[in-house]
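Each chain, written out:
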Amino acid sequence: MTDTTSNQMWGGRFAAGPDAIMEAINASIGFDKRLAAQDIAGSRAHAAMLAATGILSDSDAEAIRKGLLTVLSEIEAGTFQFSTALEDIHMNVEARLKEIVGPAAGRLHTARSRNDQVATDFRLWVREQLDAVDQALVALIRAFLVQAEAGAGWVMPGFTHLQTAQPVTWGHHMMAYVEMFGRDLGRVRDARARMNECPLGAAALAGTSFPIDREMTARALGFERPCANSLDAVSDRDFALEFLGTASICAMHLSRFAEELVIWSSAQFRFVALSDRFSTGSSIMPQKKNPDAAELIRAKLGRIFGANVALMMVMKGLPLAYSKDMQEDKEQVFDAADNLMLALAAMAGMVRDMVAQRDNLEAAAGSGFSTATDLADWLVRVLDMPFREAHHVTGALVARAEAKGCDLRDLGLAEMHEVHGGITAGVYDVLGVHNSVASRTSYGGTAPEQVRAQVTRWKERLG
């Protein structure tokens, strides 16, 4: 009797049996080869430190240095042959280094482990991603600032519950997203500062008996300091989780604006015109111009959120120090980073290209009795009416205007007197949308002068 029956449980994908299963589940080279540059940078710093402390001879260190540069050039040229049998990027690099420089390659792993090695590689990669996100966020914020400055005095409806609430300015709405993405920028910079500690030298988990200089390797790799606890150094993935948490909040902000673009570019709103570069047509309806880029950004939120939750689930039950579960940390972060960078670039392009339809915005600004709050405020300010009474009077006037099918400013003074005899002709000064937004001069308000002040503040902040 053959062994095919026992192998059926593995399926045709793994015809070679359990050994192939183990190799497939154990190997990470399929994704951690993205860490090649970081792995080689860490190895170069480690070799230089080993030579400086007398643990490695200068000749071996020089051979290793040159050999690692050769390996890096092969990887960058696309000629390097990655092997699943060698499991990960560390062993693939070391095996090729041995082919190039011989036995000296075996000395490179003195006073380190793959545990501190991968922790260092991954930190370096995440740090570079944080720097890239930083630049992308600054570019996006600048795009919003251009829109805000141009439309600081353009009126549009402000919404709550997606119902017309009060008039605001286009610039004010744009600046709301500047504040959101500004907080994302702050989180990125905070995360970078917090994670900028070097695990190299923690070895497997307990440190090493060799007289290494961890400050030297930390400096060489651009870290502020070495990690202070060897157990924590190899088992910590907070830096990856913080990256994913920051990415998730940023993606949520991107998704919110993407949703607004989808709504605003519809025929029912016509608030903005999106460029052809970020829109598509329909295969059957020739009139369609679909905001596909915005919709795809909106959808990518799920992938980034999913990555965050997935890594949380990996880490939540792990005892110290290293467990093989932690091999599953990278793919989630890689995917989230790729999608976040793509979404940021696409959104910056859409914001730069979009054209606000000023006339449509202004026409919509006065709809839905958007100046009702201005009327109530006028009653309080001019007639010294308690706000709750002013609210009631305003509601009665809105009901009258609604019954007549007109706006508040179209009610005659005599009609207003039927609701409250103290109202004067001065009330009409606050019922126009331009007067409304101009009056909102409190710090952070929608008045054009406040919008321009905030634009200036942000330009100075970004430099």
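1. Regarding a nonpolar patch on the surface
Okay, step 1: A contiguous nonpolar surface patch, about 270 Å² in accessible area, is contributed by Leu205, Leu231 and Leu320.
Okay, step 2: Tracing the chain through its elements places Leu231 in helix α10 (residues 230-235).

2. Some points on the pattern of salt bridges
Okay, step 1: Enumeration over the complete set of coordinates arrives at 26 salt bridges.
Okay, step 2: A salt bridge links Asp353 to Arg277, with the shortest nitrogen-to-oxygen separation between them at 2.8 Å. A residue pair is termed long-range when its members are at least 10 positions apart, and Asp353 in helix α13 (residues 330-353) and Arg277 in the loop between β5 (272-273) and α12 (292-315) qualify at 76 residues.
Okay, step 3: For Asp353, a relative accessible area of 24% translates into the label partly exposed.
Okay, step 4: Given a relative accessible area of 60%, Arg277 falls into the exposed group.

3. Considerations on the packing of helix α8 (residues 170-195) against helix α11 (residues 238-264)
Okay, step 1: Relative to each other, α8 and α11 sit at 165°, their axes nearing to 9 Å. Accordingly, the angle class assigned to the pair α8 and α11 is roughly antiparallel. Crossing angle aside, the handedness with which α8 passes α11 is left-handed.
Okay, step 2: Among the residues forming the contact of α8 with α11, the class breakdown is 14 nonpolar, three polar and seven charged.

4. What about the packing of helix α4 (residues 36-52) against helix α7 (residues 114-150)?
Okay, step 1: Two numbers describe how α4 lies on α7: the axes approach to 9 Å, and their chain directions differ by 120°. Accordingly, the angle class assigned to the pair α4 and α7 is oblique. Judged by the twist between their axes, the crossing of α4 over α7 is right-handed. Two secondary-structure elements touch here, α4 through Gln38, Asp39 and Ser43 and α7 through Gln117, Asp121, Leu124, Trp125 and Glu128.
Okay, step 2: Residues that form the contact of α4 with α7 fall into these classes: two nonpolar, three polar and three charged.

5. A word on unusual backbone geometry
When glycine is set aside, most residues are seen to have a negative phi, and most peptide bonds are trans.
Okay, step 1: Cis rather than trans, the peptide bond between Leu320 and Ala321 has omega equal to 5°.
Okay, step 2: As for its position among the elements, Ala321 is in the loop between α12 and α13.
Okay, step 3: Positive phi values are uncommon outside glycine, yet Glu87 reaches one of about 75°.
Okay, step 4: Structurally, Glu87 is set in the loop between α5 (58-77) and α6 (89-101).
Okay, step 5: In this structure Glu87 comes out as partly exposed when scored by relative accessible area, which is 24%.

Reading guide: rules and limits
- Residues numbered from 1 in each chain as written.
- Predicted model: local features only at pLDDT ≥ 70, side-chain atom pairs only at ≥ 80, totals over all residues.
- Heavy atoms only, no water.
- Patch = residues over 30% accessible without salt bridge, like charges linked within 9 Å, V, L, I, M, F, W, Y side chains within 5 Å.
- Areas by Shrake-Rupley, 256 points an atom, 1.4 Å probe, with all protein chains shown as cover.
- Salt bridge = Lys/Arg side-chain N within 4 Å of Asp/Glu carboxyl O.
- Helix = DSSP H or I, 4+ residues; strand = E, 2+ residues; numbered from the N terminus.
- Buried < 20%, exposed > 50% of the residue type's maximum accessible area, 1.4 Å probe, protein only.
- Axes fitted to C-alpha atoms, helices over the stretch in contact; angles between N-to-C directions.
- Parallel < 35°, antiparallel > 145°, perpendicular 65-115°, else oblique.
- Left-handed = near helix turned anticlockwise from the far one by under 90°.
- Nonpolar A, V, L, I, M, F, W, Y, C, P; charged D, E, K, R; others polar.
- Contact = heavy atoms within 4.5 Å.

Any functional reading would require information that these geometric values do not contain.
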